[in-house]
Amino acid sequence: MQDAIQQAMSSVRTLQEAGVRYVIASLVDSGGINRVKAVPLDRLVSAARSGIGISSCWNTALSDDAFTATEASGGPSGDLRLVPDTGVLVQLAHTPQWAWAPVDQYLQDGNVSPGCQRSFLKRMVERAAQLGFSVKMAYEFEWFTAREEGETLAPIHSGPGYSSAAWARVRPLAEDLLAALMAQDLEIEQFHPEYALGQMEISLGVGDPLQAADANVLLRHTVRSVSVTHGCRASFSPITIAGQVGNGCHIHFSLWSAAGENLFTGGDRILELTPDGEAFLAGVYKELPAIVAITCPTALSYYRIQPHHWAGAYQCWGHENREAALRFIQGMVGSRARTANMELKSADTAGHPYLVPAVIIAAGLAGVEQGLRLPPPISADPAGLTEAELTARGITRLPQTLDAAAEALEASRVLRSAMGDFLHDCTVAVRRAEAERSRGQSLDELVAGHLWRF
């Protein structure tokens, strides 16, 4: 704690010289919404020492500002302390009087809250290190940008997807956005206008899982801020226009040895996987139905995760197969030691930026500990196979509703053990409550209700 306070004092001096006056403390709650509390810069040291207060009811917050409860959490009593991580404090390039920092959640007795998703991710990273591994991750984001013209929306581009025509329409906003992101030390791998109306995509560079998760939150905040100054609004909702393809938020990951070797290549298993690399992937594969409750956390998510949409609707994996839930990317010959990775495609932009990487690591490490093996990869579109062919290959649909995903999460002993009873129960309760509040709504109603939540 004393080191954090010293770091905060040093940060205040540096930020004052840079013209910063305020700090945004950023919490992603159980419903996946980025909640913020702001303090004047001269209060940052106090926040690092004793935290910023917030009700413990946010342990079971839904994405529509409603709340549910569990036996251990809920109601008006209780207080959490949000402690900014000043080690990753960053001045916001587009609003330079403001700085941003993610928070960890603490109890008043000074212990980490059992519901803190960011701390859960830290535990999984530490557990991997204890077993002699490290994990590298990167997110790629799709989102929708439009101008509000009365009661109608005017998407920032109308396609064609990936085209220079669409690029010309988005260029002014994109230049400001990319400049801001790079000034905040976010590594941009690529940017382009995407397939759907008003849709854009950015892929970030590879980092450790906590860096990737923090970058996820910071990117979204920056996208929204820059969009507003261009007269637009940005939405990371899973579907923003009924009938159009939705917004994915795929996550790429790889497992590395303590000696710095990529364990997804150079081995004697299928596609040159090492035994530990295969076991890690097999653990993720096995837990996919439960993981989907984390990566696709809204009722609207299940309108996106459909066959023939490159959304990973089936529990299968394949080499560069964009219809598989897990797409293995071996990379070019000569670069595989650096680039071989797995992409989880059954994930959308409502997914919790800290829970998603944490449950991937938890499932993967369980696979290593159990010595699991992968089934054969699939090269075809699974939706084109007969029921007999799917059965013969052991391929099934992933949960097709939020209710089914919540049941799979509830049943997962691996994720309960990793998350702890408190966080696991809160997450299951929130998924079930989200499903119940969405029940009976049409697709149009769900799209409208979710549009500006994320």
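Residues numbered from 1 in each chain as written. Predicted model: local features only at pLDDT ≥ 70, side-chain atom pairs only at ≥ 80, totals over all residues. Heavy atoms only, no water.

**Quick look at the overall build of the protein**
And step 1. When you go through the protein residue by residue, the secondary structure sums to 15 helices and 16 strands.
And step 2. Scaling as 2.2 N^0.38, a compact globule of 454 residues should have a C-alpha radius of gyration of about 22 Å, and the protein matches this with 21 Å.
And step 3. Over its C-alpha atoms, taken along the principal directions, the protein stretches across nearly 65 × 50 × 50 Å.
And step 4. When burial is assessed residue by residue, the protein has 56% of its 454 residues classed as buried.
And step 5. The long-range share in the protein, meaning contacts at least 24 apart out of those at least 6 apart in sequence, stands at 71%.
And step 6. Just so you have it, the protein exposes about 18300 Å², and 50% of that area is on carbon and sulfur atoms.
And step 7. Of the charged side chains in the protein, 36 are positive and 49 negative, and the gap between their average positions amounts to 2 Å. (Helix = DSSP H or I, 4+ residues; strand = E, 2+ residues; numbered from the N terminus. Rg over C-alpha atoms; globule rule 2.2 N^0.38 Å. Buried < 20%, exposed > 50% of the residue type's maximum accessible area, 1.4 Å probe, protein only. Contact = heavy atoms within 4.5 Å. Areas by Shrake-Rupley, 256 points an atom, 1.4 Å probe, with all protein chains shown as cover. Lys, Arg positive; Asp, Glu negative; His and termini not counted. Charge placed at Lys NZ, Arg CZ, Asp CG, Glu CD.)

**Quick look at the pattern of salt bridges**
And step 1. Here the structure, examined in full by the defined rule, presents 23 salt bridges.
And step 2. Put simply, glutamate 175 and arginine 171 hold a salt bridge, and the shortest N to O gap is 3.1 Å. One end of the pair, glutamate 175, and the other, arginine 171, are both in helix 4 (residues 164-183), 4 residues apart, so they sit about a helical turn from each other.
And step 3. For arginine 171, a relative accessible area of 32% puts it in the partly exposed group.
And step 4. Among the ionic contacts, a cluster of salt bridges with common partners joins Asp85, Asp104, Arg118, Lys122 and Asp214. (Salt bridge = Lys/Arg side-chain N within 4 Å of Asp/Glu carboxyl O.)

**A closer look at the pairing of strand 4 (residues 79-84)**
And step 1. As defined by bridge partners, strand 3 (residues 52-55) adjoins strand 4 across 4 bridges and the pair is classed as antiparallel. The residue of strand 4 that forms the bridge with glycine 53 is arginine 81. (Pairing = 2+ DSSP bridges.)

**Description of the packing of helix 4 against helix 5 (residues 209-229)**
And step 1. At a minimum axis distance of 10 Å, the contact between helix 4 and helix 5 shows a crossing angle of 140 degrees. Taken together, helix 4 and helix 5 sit at an angle that is classed as oblique. For the pair helix 4 and helix 5, the crossing hand works out as right-handed. Here Leu173, Asp176, Leu177, Ala180 and Leu181 of helix 4 come into contact with helix 5, specifically with Leu219, Thr222, Val223, Val226 and Ser227. (Axes fitted to C-alpha atoms, helices over the stretch in contact; angles between N-to-C directions. Parallel < 35°, antiparallel > 145°, perpendicular 65-115°, else oblique. Left-handed = near helix turned anticlockwise from the far one by under 90°.)

**As for the packing of aromatic side chains**
And step 1. Taken as a whole, this structure holds 8 aromatic pairs when the rule is applied.
And step 2. Aromatic pair tyrosine 22 and tryptophan 98: ring centres 4.7 Å apart, planes at 35 degrees, arrangement tilted. Linking tyrosine 22 in strand 1 (residues 22-28) with tryptophan 98 in strand 6 (residues 98-106), this pair joins segments that are 76 residues apart in sequence.
And step 3. For tyrosine 22, a relative accessible area of 26% gives the class partly exposed. (Phe/Tyr/Trp six-rings, centres within 6.5 Å; stacked < 30°, edge-to-face > 60°.)

**Topic: the environment of arginine 43**
And step 1. Topologically, arginine 43 is positioned in the loop between strand 2 (34-40) and helix 2 (44-50).
And step 2. Owing to a relative accessible area of 44%, arginine 43 belongs among the partly exposed residues under this scheme.
And step 3. For the pair arginine 43 and valine 284, spaced 241 residues apart in sequence, the C-alpha to C-alpha distance is 42 Å.

**What to know about the pairing of strand 6**
And step 1. Among the 9 residues that make up strand 6, 7 are buried, leaving the element largely enclosed by the rest of the structure.
And step 2. Inspection of the sheet shows strand 4 paired to strand 6 by 4 bridges, in the antiparallel sense. Considered in strand 6, the bridge of proline 84 is made with valine 103.
And step 3. As judged from the 2 bridges shared by strand 5 (residues 90-91) and strand 6, these two strands associate in the antiparallel manner.

**Focus: the environment of alanine 358**
And step 1. If you trace the backbone, alanine 358 turns up in helix 10 (residues 355-370).
And step 2. On the accessibility criterion, alanine 358 (0% relative accessible area) is buried.
And step 3. Between the C-alpha atoms of alanine 358 and leucine 281, which are 77 residues apart in sequence, the distance is 14 Å.
And step 4. What alanine 358 contacts, discounting residues up to four positions off in sequence, is Phe120, Leu121 and Met124.

**Observations concerning helix 12 (residues 402-411)**
And step 1. Looking at helix 12, one finds that the buried residues are Leu402, Ala405, Ala406, Ala408 and Leu409. Across the axial projection of helix 12, the buried residues extend over an arc of 160 degrees, all falling on one side.
And step 2. Packed against the buried residues of helix 12 are helix 7 (288-295), helix 8 (301-304), helix 13 (413-419) and helix 14 (421-438). (Arc of directions from axis to C-beta.)

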